[in-house]
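Results of the structural survey
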Amino acid sequence: MSATQTEKAPCPQCQTELTIELYETINTSMNPEVVARLMQGELFKYRCPGCGATGQAFYPVLYNDVAHKVMVQFTTTNDVNVAQQYIEEHDERKKQFDAMGFPMSDYRIVIDPNDLVEKFQIFDADFDDRVMEVVKVFYKMSWLEENKFYRNVIFRFAKGNGEPFFFVMDEQGNVLTRLRFDRDYYEMIKGTLRLNEIDSAVVNENWAREYLDQHIADFQSGDETNSETND
Ligand SMILES: [Zn+2]
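Source: prediction; values computed, not measured.

Turning to the overall build of the protein, a few remarks are in order. Looking only at helices and strands, the protein has six helices and 11 strands in total. When burial is assessed residue by residue, the protein has 19% of its 231 residues classed as buried. In the protein, the share of contacts with a sequence separation of at least 24, taken over all contacts with a separation of at least 6, comes to 53%.

Structure below.
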């Protein structure tokens, strides 16, 4: 059951009182409408019934994907202490569950609402986010190599309608292009990662880059990857 709260807040445009529904947990098997809003990146959006103004109201939420046995906590803050607290609470629960013989779902922490949506898309499409983040690093390196005008871009996985793809966006979030997602490449990376050695609640681009720094030799055997790094 997902605990729902409602909160009242004045519209920033016209001061009409808005009623905003807050979910503590979103469970894939129980709230299809809410899950759909999350998937479309609309979970936090509101529309004022008085003046029609729209905006976003962020709040912490736990997305629980029961089918894929993974939970994603969105923190709303980039305060590392808050993230650390969530992780410790999770570790505590995990210990209790393990002691009772129930293995607990995997756990992730995200601080960006776009990351929450992307995690949803990755898990819902039956992929592993650890593999996906590493795939994204390689896609991004080769894209930047071919598009030297850009110093940095953001890759976002999207499930699509059966044909997954990556959005390539500039740092302001404008979509520059879409790239086809290559399943064979994903499987190749998956086979190279030491997945059973990875147990991290934070799985993002920085995590993937650190992993690659530590395991670059795993990726160099068999091809002539040119691993020059500038940092
Ligand atoms: Zn209003």
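Moving on, we get to the pairing of strand β11 (residues 175-180). β11 sits mainly on the outside: zero of its six residues count as buried. Between strand β10 (residues 165-169) and β11, which pair antiparallel in sequence order, lie five residues; one of them, G173, sits at a positive phi of approximately 90 degrees.

Let us look at helix α6 (residues 205-220). When the terminal C-alpha atoms of α6 are compared, their 20 Å separation across 16 residues is substantially less than the 22 Å that a helix rising 1.5 Å per residue should span. Bending of α6 peaks at approximately 70 degrees at the position of Q214.

On to the sheet that holds strand β7 (residues 70-74). Here four strands make up an open sheet; going across it, the order is β3-β6-β7-β8 and the pairing mixed. Where the open sheet ends on each side, the last strands, each with one partner, are β3 (25-27) and β8 (106-110). Each strand axis lies, on average, 20 degrees off the axis of its neighbour in the sheet, ignoring direction. Of the pairings in the sheet, the one linking β3 to strand β6 (residues 61-65) comprises three bridges and is parallel in character.

What follows is about the domain arrangement of the protein. Note: interface size is frequently given as the accessible area lost on complex formation between the parts. With domains assigned, the protein is organised as domain 1 (1-124) and domain 2 (126-224). For the side of domain 1 that touches domain 2, the secondary-structure elements that each account for two or more residues are β8 and α3 (113-124). A total of seven residues in the side of domain 1 that touches domain 2 trace back to one element, the largest contributor, which is α3. Taken together, the residues of the side of domain 1 that touches domain 2 sort by class into four nonpolar, two polar and five charged.

Take the sheet that holds β11 next. Taken in spatial order, the three strands of this open sheet run β9-β10-β11, and their pairing is antiparallel. On the outer flanks of this sheet lie β9 (154-158) and β11, each paired with one strand and no other. For this sheet, the mean angle separating the axes of adjacent strands, direction not counted, is 25 degrees. Two elements, β10 and β11, share five bridges in a ladder whose sense is antiparallel. Its bridge partner being in β11, M169 is matched across the sheet by V175. In the packing of helix α4 (residues 129-146) onto the sheet, contacts are made with β9, β10 and β11, and the angle to β9 comes to roughly 130 degrees.

Below, the discussion takes up the nonpolar core. By size, the foremost hydrophobic cluster in this structure holds 31 residues, and its most contacted members are Y63, L116, V131 and V134. Mapped by element, the contributors of at least two residues to this core are β6, β7, β8, α3, α4, β9, β10 and α6. Here the element with the most residues in this core is α3; it accounts for five residues. Counting contributing residues, this core receives three or more from each of domain 1 (1-124) and domain 2 (126-224). Not counting the four nearest positions on each side in its chain, V134 is found in contact with I189, L193, A208, Y211 and L212.

Another point: the pairing of β9. Across the two faces of β9 the burial differs, with F155 and F157 buried and I154, R156 and A158 not buried at all. Across five bridges, β9 lies against β10 in antiparallel orientation. Each residue of the ladder has a partner; that of A158, found in β10, is F165. From the end of β9 to the start of β10, which pair antiparallel, there are six residues, and G160 there has a positive phi angle of about 65 degrees.

A separate point is the environment of F123. Position of F123 among the secondary structure elements: in helix α3. Put simply, F123 and E210 are 87 residues apart on the chain and 22 Å apart in space, counted from C-alpha to C-alpha. With near-sequence residues (within four places) excluded, F123 lies in contact with D65, H68 and V70.

Looking now at unusual backbone geometry. Phi at Q15 takes a positive value of approximately 70 degrees, unusual for a residue other than glycine. When you line up the elements, Q15 lands in the loop between β1 (4-10) and β2 (17-23). Classification of Q15 by C-beta neighbours within 10 Å gives exposed; the count is 11. The backbone of K69 sits at a positive phi, close to 55 degrees, despite the residue not being glycine. For K69, a count of 12 C-beta atoms within 10 Å gives the class exposed.

Cut-offs applied
Per chain, the residues get numbers from 1 upward, laid out in the order the sequence is written. Restriction of local features to residues with pLDDT of at least 70 applies here, the model being predicted, together with a cutoff of 80 or more for giving and counting side-chain atom pairs; totals for whole chains, interfaces and linings are based on all residues. To qualify as a helix, a DSSP run of H or I must reach at least 4 residues; to qualify as a strand, a run of E must reach at least 2; elements of each kind are numbered from the N terminus. Between the buried cut of 20 or more and the exposed cut of 12 or fewer other C-beta atoms within 10 Å of a residue's own C-beta lies the partly exposed class, and all C-beta atoms are placed from the backbone. By the criterion used throughout, residues are in contact when their C-beta atoms, derived from the backbone, lie within 7 Å. Here a strand pair is declared whenever DSSP counts at least two bridges between the two strands. Here the expected span of a helix is defined as 1.5 Å times the quantity of residues minus one. The bend at a residue is defined as the angle formed between two axes, one fitted to the seven residues ending at that residue and one fitted to the seven starting there. Interaxial angle, 0 to 180 degrees, is taken between N-to-C directions of lines fitted to C-alpha atoms, where a helix line uses only the stretch in contact. Where each domain starts and ends follows an automatic or database-derived domain assignment. The nonpolar class holds Ala, Val, Leu, Ile, Met, Phe, Trp, Tyr, Cys and Pro. Asp, Glu, Lys and Arg form the charged class, and all remaining residues, Gly among them, are polar. Joined through C-beta atoms within 7 Å, a set of buried Ala, Val, Leu, Ile, Met, Phe, Trp, Tyr and Cys residues constitutes a nonpolar core.

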